[in-house]
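# Notes for the structure review
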There are 2 protein chains.
Amino acid sequence: MEEKVSVGLLGLGVVGSGVIHLIEDHQEKLAHQLGCKVEVDKVLVRNIEKARNIDVDQSLLTTNPDDVLENPNIDLVIEVMGGIDHTKEYILKAFSNKKHVVSANKDLVAVHGPELQAAAVKNNCDFYYEASVAGGIPILRGINEGLSSDHIQKIMGIVNGTTNYILTKMDEEGVSYEDALADAQQLGFAEADPTSDVEGLDAARKMAILGRLAFSTPVDLQDVEVEGIHGIELKDLRYAAQLGYTMKLIGFANFFDHELEVSVEPTLLAKNHPLASVKNEYNAVYVYGEAVGETMFYGPGAGSLPTATAILSDVIAAIKAMRLGVSGKQLNDMQFPKTLRPKEKQHGQYYVRLCVEDKTGVFSEISSIFHEQDISFQRILQTPVDEKDSAEIVLVTHDTPYSHFEEVLNQLKSFDAVNEIKSYYKVEGDA
Amino acid sequence: MEEKVSVGLLGLGVVGSGVIHLIEDHQEKLAHQLGCKVEVDKVLVRNIEKARNIDVDQSLLTTNPDDVLENPNIDLVIEVMGGIDHTKEYILKAFSNKKHVVSANKDLVAVHGPELQAAAVKNNCDFYYEASVAGGIPILRGINEGLSSDHIQKIMGIVNGTTNYILTKMDEEGVSYEDALADAQQLGFAEADPTSDVEGLDAARKMAILGRLAFSTPVDLQDVEVEGIHGIELKDLRYAAQLGYTMKLIGFANFFDHELEVSVEPTLLAKNHPLASVKNEYNAVYVYGEAVGETMFYGPGAGSLPTATAILSDVIAAIKAMRLGVSGKQLNDMQFPKTLRPKEKQHGQYYVRLCVEDKTGVFSEISSIFHEQDISFQRILQTPVDEKDSAEIVLVTHDTPYSHFEEVLNQLKSFDAVNEIKSYYKVEGDA
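Predicted, not measured: the structure shown is a model, and the values here were computed from it.

Rules behind the numbers
- Residues numbered from 1 in each chain as written.
- Chains lettered and ligands numbered in written order.
- Predicted model: local features only at pLDDT ≥ 70, side-chain atom pairs only at ≥ 80, totals over all residues.
- Heavy atoms only, no water.
- Pairing = 2+ DSSP bridges.
- Helix = DSSP H or I, 4+ residues; strand = E, 2+ residues; numbered from the N terminus.
- Contact = heavy atoms within 4.5 Å.
- Axes fitted to C-alpha atoms, helices over the stretch in contact; angles between N-to-C directions.
- Patch = residues over 30% accessible without salt bridge, like charges linked within 9 Å, V, L, I, M, F, W, Y side chains within 5 Å.
- Areas by Shrake-Rupley, 256 points an atom, 1.4 Å probe, with all protein chains shown as cover.
- Salt bridge = Lys/Arg side-chain N within 4 Å of Asp/Glu carboxyl O.
- Lys, Arg positive; Asp, Glu negative; His and termini not counted.
- Charge placed at Lys NZ, Arg CZ, Asp CG, Glu CD.
- Buried < 20%, exposed > 50% of the residue type's maximum accessible area, 1.4 Å probe, protein only.
- UniProt positions renumbered as here; feature names shortened; annotations may be inferred.
- Buried area = accessible area lost by both parts, 1.4 Å probe.
- Polar contact = N/O pair within 3.5 Å; in protein donor to acceptor, adjacent residues only side chain to side chain.
- Left-handed = near helix turned anticlockwise from the far one by under 90°.
- Nonpolar A, V, L, I, M, F, W, Y, C, P; charged D, E, K, R; others polar.
- Least-squares fit on C-alpha atoms with pLDDT ≥ 70 in both.
- Bend = angle between axes of the 7 residues up to and from the residue.
- Core = buried A, V, L, I, M, F, W, Y, C linked by side-chain atoms within 4.5 Å.
- Right-handed = clockwise from strand over helix to strand, strands pointing away.

All names here are of chain B. Spatially, 6 strands are ordered β3-β2-β1-β4-β5-β6 in an open sheet, and the strand pairing comes out parallel. The outermost strands of the open sheet, each flanked by one partner alone, are β3 (61-62) and β6 (127-128). In this sheet, β3 lies alongside strand β2 (residues 37-44) in parallel orientation, the contact comprising 2 bridges. Among the inter-strand pairings, L44 is bridged to a residue of β3, identified as T62. Of the strands in this sheet, β1 (4-10), β2 and β4 (74-79) are in contact with helix α1 (residues 14-25), which crosses β2 at around 155°.

Before going further, it helps to examine the sheet that holds strand β3 (residues 61-62) of chain A. Strand pairing in a sheet is mediated by backbone hydrogen bonds. Such pairs are either parallel or antiparallel. Residues and elements named next belong to chain A. The strand order β3-β2-β1-β4-β5-β6 describes an open sheet built from 6 strands, whose pairing is parallel. Strands with a single pairing partner mark the edges of an open sheet, and in this sheet they are β3 and β6 (127-128). In the sheet, strand β1 (residues 4-10) pairs with strand β2 (residues 37-44) via 7 bridges, with the strands oriented parallel. By the bridge assignment, V7 is partnered in β2 with V40.

The next thing to look at is a negative patch on the surface. Together, E24(A), D25(A), D55(A) and E290(B) give the surface a local cluster of negative charge. Considering the arrangement of structural elements, one finds E290(B) in the loop between β11 (282-289) and β12 (293-300). You can call E290(B) partly exposed: its relative accessible area is 38%.

Moving on, we come to the UniProt feature "binding site: NADPH" (unreviewed entry) in chain A. All names here are of chain A. The residues that UniProt annotates with the feature "binding site: NADPH" (unreviewed entry) are K106. Classification of K106 as partly exposed rests on a relative accessible area of 24%. Sequence-distant contacts of K106, that is, excluding residues within four places in its chain, are made with S132, D202, R205, K206 and I209.

Once that is clear, we can look at the UniProt feature "binding site: NADP(+)" (unreviewed entry) in chain A. All names here are of chain A. Sequence positions flagged by UniProt for "binding site: NADP(+)" (unreviewed entry) are, in local numbering, L10, G11, L12, G13, V14, V15, G16 and S17. Within the secondary structure, V14 sits in helix α1 (residues 14-25). Note on V14: relative accessible area 61%, which makes it exposed. Structurally, the position occupied by G16 is in helix α1. Not counting residues within four places of it along the chain, the set of residues in contact with G16 comprises L9, G11 and V80.

Turning our eyes to something else, we now look at the interface of chain A and chain B. With 44 residues of chain A at the interface, the matching set in chain B holds 44 residues. Around 4300 Å² of area is buried between chain A and chain B when both sides are counted, 57% of it from carbon and sulfur atoms. For chain A, the biggest contributors to the area lost against chain B are H32(A), S149(A) and Y298(A); these three give 15% of the whole. Seen at the junction of chain A and chain B, the total is 0 salt bridges. The tally of links from chain A across to chain B stands at 8 residue pairs in polar contact (both at pLDDT 80 or more).

All names here are of chain B. Two elements in contact, helix α13 (residues 362-372) and helix α14 (residues 402-413), have axes whose closest approach is 9 Å; the angle formed by their N-to-C orientations is 150°. Crossing of α13 over α14 shows right-handed handedness. On α14, the residues touching I366, I369, F370 and E372 of α13 are V408, Q411 and L412. The residue makeup of the contact of α13 with α14, split by class, is 5 nonpolar, 1 polar and 1 charged.

All right, on to the side chain of D223(B) then. All names here are of chain B. Among the secondary structure elements, D223 is positioned in the loop between α10 (201-215) and β8 (224-226). The class for D223 is buried, based on a relative accessible area of 13%. Of note is the side chain of D223, whose polar atom sits 2.7 Å from the backbone nitrogen of D220.

You can overlay chain A on chain B at an RMSD of 0.0 Å; the transform is a turn of 180° with a shift of 0.0 Å along its axis. When the rotation and shift are considered jointly, the pair of chain copies conforms to a two-fold rotation axis. Minimal C-alpha separation from the rotation axis in chain A is found for F297(A), amounting to 2.4 Å. Mapped onto chain B, 100% of the interface residues of chain A again fall at the interface, so both copies present the same surface.

Residues and elements named next belong to chain B. Of all bends in helix α5 (residues 106-122), the biggest is about 80°, found at H112, and the proline P114 comes one to four residues later. Those residues of α5 that sit buried are L108, V109, A110, H112, G113, L116, Q117, A119 and A120. Tucked into the core, α5 has its buried residues touching β4, α4 (85-96), β5 (100-103), β6 and α10. Within two residues after α5, N124 carries a phi angle of roughly 55°, on the positive side.

All right, on to the nonpolar core then. Counting residues in hydrophobic clusters, the biggest one holds 159 residues, and the most contacted among them are I139(A), L210(A), I139(B) and L210(B). If near-sequence neighbours (up to four positions away) are discounted, I139(A) is found in contact with E130(A), V133(A), A134(A), L210(A), V285(A), V287(A) and F297(A).

Bringing the packing of helix α2 (residues 27-34) of chain A against helix α12 (residues 304-324) of chain A into the picture now. All names here are of chain A. Relative to each other, α2 and α12 sit at 35°, their axes nearing to 10 Å. When you trace α2 past α12, the crossing you get is right-handed. Residues L30, Q33 and L34 of α2 pack against I316, I319, K320 and R323 of α12. Taken together, the residues of the contact of α2 with α12 break down into 4 nonpolar, 1 polar and 2 charged.

Residue and element names in this part refer to chain A. In terms of burial, strand β15 (residues 390-397) is a largely internal element, 8 of the 8 residues being buried. Going residue by residue along β15, you find S390, E392, V394 and V396 tucked away on one face and A391, I393, L395 and T397 tucked away on the opposite face as well. Inspection of the sheet shows strand β13 (residues 347-357) paired to β15 by 7 bridges, in the antiparallel sense. By the bridge assignment for β15, E357 is matched with S390. Sheet analysis places strand β14 (residues 377-384) next to β15, joined by 7 bridges and oriented antiparallel. Paired with I380 across the strands is L395, a residue of β15.

Moving on to unusual backbone geometry. Residue and element names in this part refer to chain B. The phi torsion at K98 lies on the positive side, around 65°, for a residue other than glycine. Following the sequence through the fold, K98 ends up in the loop between α4 and β5. Despite not being glycine, A134 has its phi angle at roughly 60°, a positive value. Here A134 is to be found in the loop between β6 and α6 (139-146). Residue A134 is classed as buried on the basis of its relative accessible area of 0%.

Residues and elements named next belong to chain B. Where burial is concerned, the two faces of β5 agree: the one with H100 and V102 and the one with V101 and S103 are both buried. Where the polypeptide runs from β4 across α4 and back to β5, its parallel neighbour, the crossover connection is right-handed. Of the pairings in the sheet, the one linking β5 to β6 comprises 2 bridges and is parallel in character. Paired with V101 across the bridge in β6 is F127. For the segment spanning β5, α5 and β6, crossover handedness is right-handed.

Another point: the pattern of salt bridges. All names here are of chain B. Under the criterion given, the structure shown has 54 salt bridges over all chains. Notably, a salt bridge pairs E115 with K88, separated by 3.2 Å at the nearest N-O pair. Of this pair, E115 sits in helix α5 while K88 is found in helix α4, placing the two residues 27 residues apart along the sequence. Residue E115 is classed as partly exposed on the basis of its relative accessible area, which comes to 39%.

Structure, rendered in structure tokens:
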């Protein structure tokens, strides 16, 4: 066996180093699985002299992208450089030169995935991006192949490790949002500018990718309604725990009656829900299929080696397809047109915390505001608070149209005895 | 598009009916994914006249296996009849007639999997059996493809729904083993003769199959050390809960230093372990890979539609391979020779419950028996019991060679002040 497949890398950060490490470490297994060797031929870097914690032959490094993209020896390009616009140009160039591409770039795939996929198909190339969602968890393959025979109706994902770490820390150690964030930053689970994570944007990108594959419909990033965890109060986590819930940042993607609904929002999850026990920086994706029922895929959402593992599984799939002569034949085009479910057709259970005047009749009047909108309660908690003559009321509704709940919020705002609507969240599962 | 692939079924029980239902229900999606129709051509049954809860054209039914196995129209055979010896002959005949086979038969695959796989390869046919392990969970595909680039070191599985239901019921409702079993039987989660489930044999079959695929080594059913949950006492579940553990029937498959260790045994699992929250009849498989770290796949372990979903995902994979002209090219042969880890090299943490005489110095003597074998304790619980002058001592050891623990058990047996060794179990994870 003297055949080999040469790969080129775009980028050599922590994930790129992990990929090179795994390729070297697994030569024997790769040769066994593929019947050929896999060699790294060129690596695009910004600075050749930079000190790295991986031993790479200097002659492999280049600062000229064309040494990878126009290199006739290279069959497959692994993109681990990040970025969107010029990265997209690089990948398009790779396809036009008949090179297969494996990418870990969720930002790029979320925004330009369908266009890149189309370019791949046009050139009989493969485009894989398992690592772009939930790091080491083989979730895209699970949806594309494992559940290929089912109608997937609902996906719920904990797809951002930073926010899950922060919420776990708050819940288990009773620290504030600010302290938990600082702790996550110190441990490297959150970046210095945590905006994209804590505002839910990172999770939204992953939900757009998941939704596209699960429902065969062209989900755009703009279709995802996003709310982050910034400024979440410990008090709500405490009440949630008392009521049998745990707070998680959940990405939802539903597809019923050919109507799509995708969102990312802090959610009170019943403690017996499979996602409720997913802690710290771990990720998990819950998939509800019409036939299979409830399934869940759990694992590390980030990290150099887990992400590199996902990339390498894509490399293996792409090389298998090359060697079998079946490249560019992935059958995952967008079968269904996209119709977003209008807000007025959305519904759910809701948690709301009110600060009210502590006097006779107030609760009765609040109840009747809900009652007028035909909303009944599943749980009620009332406690006095420190402020004089105030009380805090926590309500969990039964399932109700969102429009009714919104109307209640409007009425509560203009109701004198309600000092403040402190918070409200979606609720999922029976506690 | 007027092409079609004809499939034949062996068996038309609940799973077979589910397969026919899904194939009919998903024609549009199948045609879209495969570029051809999928039709059921013949179904082998025992009794054509039998009333069924699915509407099948009587002319499709036959009692002659050759109407499927020798049928020139049929490209692919789905085996859902169960049984081992004559089922194996049917499948071998299908292969020799160049038909691909999808099977849900764990008993058969556990015992004759390697032989059947070899026959498939020899005939350029595919042999898939995703449904044989953990029903609707795409775990074989997860291991074979999703984690194909990793070295899997350890698998832990809750792969038998009956026993998990019984243990959950005991744990959550405080009922006895016998009552929980009766309840499971009434709900259809346990068979009238529950031996194969409660004695761990069913789980052992699945662990043999998982071990083979994960480690590319020829694991036999006989390699699996098996202990069931029959007669487990509620008391041990109570103590476990007090100590932060939950009792589960866990299938273990480890592969370190090219040494294999496979077992099924009741285990005290730390409550923060991902498998600890898998309840009732659900299954889950925890996979630890050198690079990816911890992953877990969760879902329904049985049931007509979940199992049929797994079968249909195999059917889709097999038809894709046919249409791409790459059948019989699965690269999952047994790469590594098998060496079982000798018992004396095994080690772990252990829980032991002793009934002892309640008098001065007894605990000190028991401690020194452990100390002589260099075993230290992680947790100790002592409580008086109803019997006069007796006490119960529960110990959880730190990690220790099994041989040392065995020696301690032997010495405790002959130590007068120990009235009885009530129970001992493996412990996994830090509570």
